[in-house]
Amino acid sequence: DPNTKRPCSTSCWRFAFRFHQEESKDSGGFMIQVEEEAGLGDGQKIETEMAKEAKLKVFRTYTDWHYVEGEHMAKISKAVKEWYDGDCANMDLENVFIGDVNR
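Residues numbered from 1 in each chain as written. Predicted model: local features only at pLDDT ≥ 70, side-chain atom pairs only at ≥ 80, totals over all residues. Heavy atoms only, no water.

Q: Any chance you could break down the overall build of the chain for me, citing the residues and the numbers?
A: Per the secondary structure count, the chain includes 3 helices and 3 strands. When the helices and strands of the chain are listed from N to C terminus, the series reads α-β-α-β-α-β. With the C-alpha coordinates aligned to their principal axes, the bounding extent of the chain is approximately 55 × 35 × 25 Å. Out of the 103 residues in the chain, the part that is buried amounts to 27%. Within the chain, contacts between residues at least 6 apart in sequence are counted, and of these 68% link residues at least 24 apart. (Helix = DSSP H or I, 4+ residues; strand = E, 2+ residues; numbered from the N terminus. Buried < 20%, exposed > 50% of the residue type's maximum accessible area, 1.4 Å probe, protein only. Contact = heavy atoms within 4.5 Å.)

Right, here's the structure in full:
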C-alpha cells in the first residue's frame, strides 16, 4: 500500500515476506521454518536467504513423523527459550529435530 508502505493483496510475495521478516527482527523475533520430509521447497530456500540478509534468527524444524501435534512442539519452545536466555546472541540457523530418535 503506497500510503502505509505495508504489503497488500497485490504485493509480490517476496516483498510481503521480507516486510514481515523485518518486523519480526525489529521486535526481537525470529522465524520458524518447517522442513517437510521431501526437503525445503524453492520458496523456502529463498526465504532462508532473505532471513540471512535481514539478520533474522531462523529455527528450522525437521521430523521423521508424518504428522506433528502441538504437544510435540516442546523442543522448538526449548530452543527458542535457550536463545532468548542467551541474549539472542547466536544468529546462526538452528535445526531442531522434532521426532522419534529411536526409529
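Q: Summarise unusual backbone geometry; cite the residues concerned and give the values.
A: Negative phi values dominate among residues other than glycine, just as trans dominates among peptide bonds. A positive phi is found at Lys 55, a non-glycine position, where the angle reads about 60°. Relative to the helices and strands, Lys 55 is located in the loop between helix 2 (42-54) and strand 2 (58-62). Here Asp 87, not a glycine, exhibits a phi torsion of approximately 60°, which is positive. Structurally, the position occupied by Asp 87 is in the loop between helix 3 (74-85) and strand 3 (94-97). A relative accessible area of 68% means that Asp 87 is categorised as exposed.

Q: Describe the packing of helix 1 (residues 13-26) against helix 2, with residues and values.
A: Running from N to C, helix 1 and helix 2 point in directions that differ by 40°, and their axes come no closer than 10 Å. As judged from the angle between their axes, helix 1 and helix 2 are oblique. Pair helix 1 / helix 2 crosses with right-handed handedness. On helix 2, the residues that touch Trp 13, Arg 14, Phe 17, Arg 18, Gln 21, Glu 22 and Lys 25 of helix 1 are Gly 43, Ile 46, Glu 47, Met 50, Ala 51, Glu 53 and Ala 54. (Axes fitted to C-alpha atoms, helices over the stretch in contact; angles between N-to-C directions. Parallel < 35°, antiparallel > 145°, perpendicular 65-115°, else oblique. Left-handed = near helix turned anticlockwise from the far one by under 90°.)

Q: Lay out the packing of aromatic side chains with the relevant residues and their values.
A: The description of an aromatic ring pair uses the distance of the two centres, along with the angle that the planes make with each other. All told, the structure shown has 7 aromatic pairs when counted by the stated rule. Note on Trp 13 and Phe 17: the rings are 6.4 Å apart at their centroids and 70° apart in plane angle, and the pair reads as edge-to-face. Of the two residues, Trp 13 and Phe 17 both sit in helix 1, 4 residues apart, roughly one turn of that helix. Overall, the relative accessible area of 39% leaves Trp 13 in the partly exposed class. Look at Phe 17 and you get partly exposed, because its relative accessible area is 26%. Every member of this aromatic cluster is reached through a ring pair, and the members are Phe 30, Phe 59, Trp 83 and Tyr 84. Positioned above the aromatic ring of Phe 59, the side-chain terminus of Lys 57 is 5.1 Å from the ring centre. (Phe/Tyr/Trp six-rings, centres within 6.5 Å; stacked < 30°, edge-to-face > 60°. Lys NZ or Arg CZ within 6 Å of the ring centre and 35° of its normal.)

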